[in-house]
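# A closer look at the structure
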2 protein chains.
Amino acid sequence: MAALPNITLLGAGNVGTHLARALHQAGYTIRQIYSRRPQSLAPLSHFCQIGTSTRLEELLPDSDLYLIAVADDAIASVAAQLRVASTAIVAHTSGSVPATALIPHLRRGIFYPLQTFSAQKAIEWAHIPIIIQANDTAAEQLLRQTATTLSSKVYELTDEQRQLVHLGAVVVNNFTNYLISLAYDWLQQHQLPFDLLQPLILETAQKVQTQNPHHAQTGPARRGDHATIERHLSLLQHNPDLRDLYSQLSHLIMQQNKVL
Amino acid sequence: MAALPNITLLGAGNVGTHLARALHQAGYTIRQIYSRRPQSLAPLSHFCQIGTSTRLEELLPDSDLYLIAVADDAIASVAAQLRVASTAIVAHTSGSVPATALIPHLRRGIFYPLQTFSAQKAIEWAHIPIIIQANDTAAEQLLRQTATTLSSKVYELTDEQRQLVHLGAVVVNNFTNYLISLAYDWLQQHQLPFDLLQPLILETAQKVQTQNPHHAQTGPARRGDHATIERHLSLLQHNPDLRDLYSQLSHLIMQQNKVL
């Protein structure tokens, strides 16, 4: 296998920060890291060979790989301003932005680690799915090689497939987290501690690591237990948002399980 | 502390089975285990001192504690048919059934382990919240002692508080599992493997073990990213149930985060 590519990283948010740490640890040379915000760059300076920069025009044009890990709506503009050698590969890390956002560049790709990254929390990269895509074979190989050094789960998907997966990610991450936040508020409202529910939340997620979620479904709606559902709805009379969701989700679960 | 109470267990479903195993392992004498279904009792016979039974009238009346772990809608009828000494404590394991369902018995209580139990999957009892309640102090002490030998998290709550918590459990377990099942179907429909989302599901749950879920919220709706939301809604045009939920939950998340 060829030597590890050297990398320029653009973006120092959660994804950029976790990538910088993981790539550095895997032995990659990160030449420069760019961010508009100097305070985001400060903790990353020891990961770069040359240095950090808040100006795109300061980035050297001859890295092998430019990884753009900025906010979705800034990708096209950062890519448009980035000046690199025609042999360089430019890839972004977004689940939903099409590869065409990188079109000023000849060799384009995607390097999307499908995970939710927190500022404080360390991440176990070995099992994070990394979705790659490239517009030429050598670029695809370089992205695959890079992904493989971080994780055992590397998938090559099209733009469209990646967007379908990203939609699924919104459902299982953003929407479930929102439901959890409603349960959090509900317990708070009644002076009950949230740690009553934390082990259940974890077990719910652990179950579907090995079980089909359809088989893991339980609860009053799954059983068609109208008495409990009605009792819960009456407890929710002063919480209209949660009440509506409770009613609707219970109905959908009964429908899915043919207990309506 | 007094000697461990001896126990008769009624119910051999997931909760009953996990309780039998855990109590036996903790050194309790389980004298008899009852279930209507002989095939559920077979794997539990080595946990009982006297034996298993499919007939309530065969249960000896002089155990210290009778734990009723049958389906919610069978609790009242099983309790009504159960003949025990007036000193015996009768408790059920349900999150939503009031303690009054046990009213034929003088000494009544609740022993509700707040977790989702699967037939095949072992459970780490040490951190499972166990919610107890009793109608006299000695009964409360006995239930607390029993709970404490299984878990470090024991809570004494009222009927009403327990129902509020149970409602929260429905939200974070049943409803999030349902959303996960929709994402599962969505990937299946497009021939994409579910293991793309499994690590994200686990990390979502792990995050809220230490973070307030409001701070863990991310995604297009959290950012007010209407372009991505619209693109996802158009991908969902042939999935009306998921489309409606997507639209509604995105709206609620935008509202919660004041990015509408």
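Residues numbered from 1 in each chain as written. Chains lettered and ligands numbered in written order. Predicted model: local features only at pLDDT ≥ 70, side-chain atom pairs only at ≥ 80, totals over all residues. Heavy atoms only, no water.

All right, on to the overall build of chain A then. Looking only at helices and strands, one finds 10 helices and 8 strands in chain A. Dimensions of chain A along its principal axes, counting C-alpha atoms only, are 70 × 35 × 30 Å. The proportion of buried residues among the 260 residues of chain A is 58%. Within chain A, counting contacts between residues at least 6 apart in sequence, those at least 24 apart form 52% of the total. As displayed, chain A has an accessible area near 10600 Å², and 50% of this comes from carbon and sulfur atoms. Between the mean site of the 18 positive side-chain charges and the mean site of the 19 negative ones, chain A shows a separation of 2 Å. (Helix = DSSP H or I, 4+ residues; strand = E, 2+ residues; numbered from the N terminus. Buried < 20%, exposed > 50% of the residue type's maximum accessible area, 1.4 Å probe, protein only. Contact = heavy atoms within 4.5 Å. Areas by Shrake-Rupley, 256 points an atom, 1.4 Å probe, with all protein chains shown as cover. Lys, Arg positive; Asp, Glu negative; His and termini not counted. Charge placed at Lys NZ, Arg CZ, Asp CG, Glu CD.)

The next point concerns the relation of the copies chain B and chain A. If you rotate chain B by 180° and push it 0.0 Å along the axis, it lands on chain A with an RMSD of 0.0 Å. The relationship between the two copies is best expressed as a two-fold rotation axis. Ranked by how close their C-alpha atoms come to the rotation axis, the residues of chain B are headed by Thr176(B), at 2.6 Å. A symmetric contact is evident, with 100% of the interface residues of chain B recurring at the interface of chain A. (Least-squares fit on C-alpha atoms with pLDDT ≥ 70 in both.)

Before going further, it helps to examine the sheet that holds strand E2 (residues 30-34) of chain A. Adjacent strands of a sheet form backbone hydrogen bonds with each other and so pair up, either parallel or antiparallel. All names here are of chain A. The 8 strands are arranged E3-E2-E1-E4-E5-E6-E7-E8 in an open sheet whose pairing can be described as mixed. The outermost strands of the open sheet, each flanked by one partner alone, are strand E3 (48-53) and strand E8 (154-156). Strand-to-strand, the axes of this sheet are offset by a mean angle of 20°, without reference to chain direction. Pairing geometry for strand E7 (residues 130-134) and E8, over 3 bridges, is parallel. In the sheet register, Ile131 faces E8, and the bridge partner there is Tyr155. Along the sheet, helix H4 (residues 137-150) makes contact with strand E4 (65-68), strand E5 (89-92), strand E6 (107-113), E7 and E8, crossing E7 at roughly 165°. (Pairing = 2+ DSSP bridges. Axes fitted to C-alpha atoms, helices over the stretch in contact; angles between N-to-C directions.)

Turning our eyes to something else, we now look at the interface of chain B and chain A. Counting from both sides, the interface comprises 88 residues of chain B and, opposite them, 88 residues of chain A. Summed over the shared surface of chain B and chain A, the result is 4 salt bridges. The partner of Asp72(A) in a salt bridge is Arg223(B), and the shortest N-O contact between them spans 3.7 Å. Across the chain B-chain A interface, the total number found is 42 residue pairs in polar contact (both at pLDDT 80 or more). Contributions of two or more residues to the side of chain B that touches chain A are made by helix H5 (159-189), helix H6 (198-210), helix H7 (213-216), helix H8 (220-223), helix H9 (226-235) and helix H10 (240-256) of chain B. The element contributing the most residues to the side of chain B that touches chain A is H5(B), with 26 residues. Split by residue class, the side of chain B that touches chain A holds 45 nonpolar, 33 polar and 10 charged. (Salt bridge = Lys/Arg side-chain N within 4 Å of Asp/Glu carboxyl O. Polar contact = N/O pair within 3.5 Å; in protein donor to acceptor, adjacent residues only side chain to side chain. Nonpolar A, V, L, I, M, F, W, Y, C, P; charged D, E, K, R; others polar.)

This brings us to the nonpolar core. The tendency in soluble globular proteins is for nonpolar side chains to be buried as a group. Grouped together as the largest cluster of nonpolar side chains are 88 residues, with contacts concentrated most on Leu114(A), Val165(A), Leu197(A), Leu114(B), Val165(B) and Leu197(B). Among residues more than four places away in sequence, those in contact with Val165(B) are Leu187(A), Leu192(A), Leu196(A), Leu197(A), Leu114(B), Ile131(B) and Leu157(B). (Core = buried A, V, L, I, M, F, W, Y, C linked by side-chain atoms within 4.5 Å.)

Moving on, we get to H10(B). With 17 residues, H10(B) should cover 24 Å at 1.5 Å per step; its first-to-last C-alpha distance of 24 Å lies within 8% of that length. Next to the buried residues of H10(B) lie helix H5 (159-189) and helix H10 (240-256) of chain A together with H5, H8 and H9 of chain B. Remark: Lys258(B) follows H10(B) within two positions and exhibits a positive phi of approximately 55°. (Expected span 1.5 Å × (residues − 1).)

So, about the side chain of Arg162(A). All names here are of chain A. With respect to the secondary-structure elements, Arg162 resides in helix H5. The buried category is assigned to Arg162, whose relative accessible area is 0%. Within the structure, Arg162 has its side chain in polar contact with the side chain of Asp159 (distance 2.3 Å). Beyond its immediate chain neighbours, meaning those up to four positions away, Arg162 contacts His92, Ser94, Gly95, Ser96, Val97, Pro98, Ala99, Ile110, Tyr112, Ile131, Gln133 and Leu157.

Here we come to H4(A). All names here are of chain A. Compared with an ideal rise of 1.5 Å per residue, which puts 14 residues at 20 Å, H4 spans 20 Å between its outermost C-alpha atoms and is within 8% of the ideal. Along H4, the positions that sit buried rather than exposed are Ala139, Glu140, Leu142, Leu143, Gln145, Thr146, Ala147 and Leu150. On its buried side, H4 packs onto helix H1 (14-25), E4, E5, E6, E7 and E8. Here H4 starts with a cap whose side-chain oxygen sits 3.1 Å from the backbone nitrogen of Ala138, and that cap is Asp136.

Before going further, it helps to examine the packing of H5(A) against H5(B). Two elements in contact, H5(A) and H5(B), have axes whose closest approach is 9 Å; the angle formed by their N-to-C orientations is 175°. The angle between H5(A) and H5(B) falls in the class roughly antiparallel. The residue makeup of the contact of H5(A) with H5(B), split by class, is 22 nonpolar, 4 polar and no charged. (Parallel < 35°, antiparallel > 145°, perpendicular 65-115°, else oblique.)

Before going further, it helps to examine the packing of aromatic side chains. Throughout the structure, instances matching the rule amount to 6 aromatic pairs over all chains. On the numbers, 5.0 Å between centres and 70° between planes, the contact of Tyr184(A) with Phe194(A) is edge-to-face. Remark: Phe194(A) occurs in the loop between H5 and helix H6 (198-210) and Tyr184(A) occurs in helix H5; sequence separation between them is 10 residues. For Tyr184(A), a relative accessible area of 16% gives the class buried. Note on Tyr246(A) and Phe175(B): the rings are 5.1 Å apart at their centroids and 70° apart in plane angle, and the pair reads as edge-to-face. Separated into two different chains, Tyr246(A) in helix H10 and Phe175(B) in helix H5 make up a pair that spans both. (Phe/Tyr/Trp six-rings, centres within 6.5 Å; stacked < 30°, edge-to-face > 60°.)

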